[in-house]
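Summary of structural features
Letter by letter, the chains look like this.
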Amino acid sequence: WKQIVLWLFVVNLGSAFGAGVYEARVVIPQWLDLPPKEWPNTGVLFWVYVTTVPLTVLTILNAVAAWLTQGPRRSWHLAAVSVVIAERLATFSYFIPTMVRLMGSEGMAEADVRATLSQWLLMTHGRHLLTLTAWLLGLKALSIPE
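Residues numbered from 1 in each chain as written. Predicted model: local features only at pLDDT ≥ 70, side-chain atom pairs only at ≥ 80, totals over all residues. Heavy atoms only, no water.

Section: the pattern of salt bridges
Note the following rule: In what follows, salt bridge is the name for a side-chain nitrogen of Lys or Arg lying within 4 Å of a carboxyl oxygen of Asp or Glu. For helices the rule is a DSSP run of H or I covering at least 4 residues; for strands it is a run of E covering at least 2, with both sets numbered from the N terminus onward. Note on exposure labels: buried denotes an accessible area under 20% of the residue type's maximum, exposed denotes more than 50%, and partly exposed covers the range between, all computed with a 1.4 Å probe on protein chains only.
With the rule as written, the count across this model stands at 3 salt bridges. In this structure, the salt-bridge partner of R114 is D33, at a minimum N-O distance of 3.5 Å. Here R114 is found in helix α5 (residues 110-143), whereas its partner D33 is found in the loop between α1 (2-27) and α2 (42-52), with 81 residues between them in sequence. Accessibility expressed as a relative area gives 34% for R114, which makes it partly exposed. The exposed category is assigned to D33, whose relative accessible area is 67%. We note a salt bridge from E110 to R114, for which the minimum N-O separation is 3.5 Å. Highlighted residues: E110 and R114, both in helix α5, separated by 4 residues, approximately one helical turn. Each of D33, E110 and R114 takes part in one network of salt bridges that share partners.

Next comes the structure, spelled out in structure tokens:
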């Protein structure tokens, strides 16, 4: 079961990384000329099914699996989980609340919306770096026989 949850974790991280980079480079820049009420709610339409629930559950399962693993794979697996925990904390404490606030910002000045969205996009590069790092650590863990 530990091998299966690690595989699912790595596949999910790869999907999250690719989709996140696509969203940041292609989707969100299109929002700069739209009022927030017209932005598609990608959190509900996509992310909840890819990362919000699945990655969070897989992170918990992989924390248990990594903790129970012995041998050289353990440290790589624990490192991947630790990085995702940092990413999940950032997501739930900053990224989700900020986007929810922006999407419900009917009274917010356009300049404030643009500035907050620009900051969100800048900060998301760090989140992508965390996801990429965790993905590579997970791949390394997979490459080591259990």
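Now that the structure has been shown, the text picks up again.
Describing α2
Applicable threshold: This arc corresponds to the set of directions leading from the helix axis out to the C-beta atoms. Contact criterion: two residues are considered in contact whenever any of their non-hydrogen atoms come within 4.5 Å of each other.
Of the positions making up α2, those classed as buried are T42, W47, V50 and T51. For α2, the buried positions fall inside an angular range of 75° around the axis, keeping them on one side. Set apart from the buried face of α2 by more than 90 degrees, the exposed residues are V44, L45 and Y49. Contact partners of the buried residues in α2: α1, α3 (54-68) and α4 (73-103).

Quick notes on the packing of aromatic side chains
What characterises a pair of aromatic rings is the spacing of the ring centres plus the angle enclosed by the ring planes. To keep it simple, the criterion reads: Each aromatic pair joins two rings of Phe, Tyr and Trp (for Trp, the six-membered one) with centres within 6.5 Å, and gets the label stacked for planes under 30 degrees apart, edge-to-face for over 60, and tilted for any other angle.
The full count for this structure, using the stated rule, is 5 aromatic pairs. On the basis of an interplanar angle of 20° and a centroid distance of 4.9 Å, the ring pair of W31 and W39 is categorised as stacked. Take W31 and W39: they sit in the same class, and that class is buried. Geometrically, the ring pair formed by Y94 and F95 is edge-to-face, given 4.9 Å between the ring centres and 80° between the ring planes. Given the relative accessible area of 19%, Y94 is considered buried. Given the relative accessible area of 5%, F95 is considered buried.

Looking at the packing of α2 against α3
Cut-off, in case you're wondering: Here the axes come from fitting lines to C-alpha atoms, over the contacting stretch only for helices, and the angles between their N-to-C directions go from 0 to 180 degrees. What sets the label is the angle itself: under 35 degrees gives roughly parallel, over 145 gives roughly antiparallel, 65 to 115 gives roughly perpendicular, and the rest give oblique. Following the grouping adopted for this structure description, the nonpolar residues are Ala, Val, Leu, Ile, Met, Phe, Trp, Tyr, Cys and Pro, the charged ones are Asp, Glu, Lys and Arg, and the polar ones are all others, Gly among them.
Packing of α2 against α3 leaves a shortest axis separation of 4 Å and a crossing angle of 5°. With respect to α3, the axis of α2 lies roughly parallel. Note on element contacts: α3 touches α2 through P54, L55 and T56, opposite V48, Y49, V50, T51 and T52. Split by residue class, the contact of α2 with α3 holds 5 nonpolar, 3 polar and no charged.

Describing the environment of V5
Inspection of the secondary structure puts V5 in helix α1. Taking the relative accessible area as the measure of exposure, V5 reaches 8% and is therefore buried. For the pair V5 and L61, spaced 56 residues apart in sequence, the C-alpha to C-alpha distance is 6.9 Å. Residue contacts for V5: discarding those within four places in its chain leaves L58, L61, N62 and A65.

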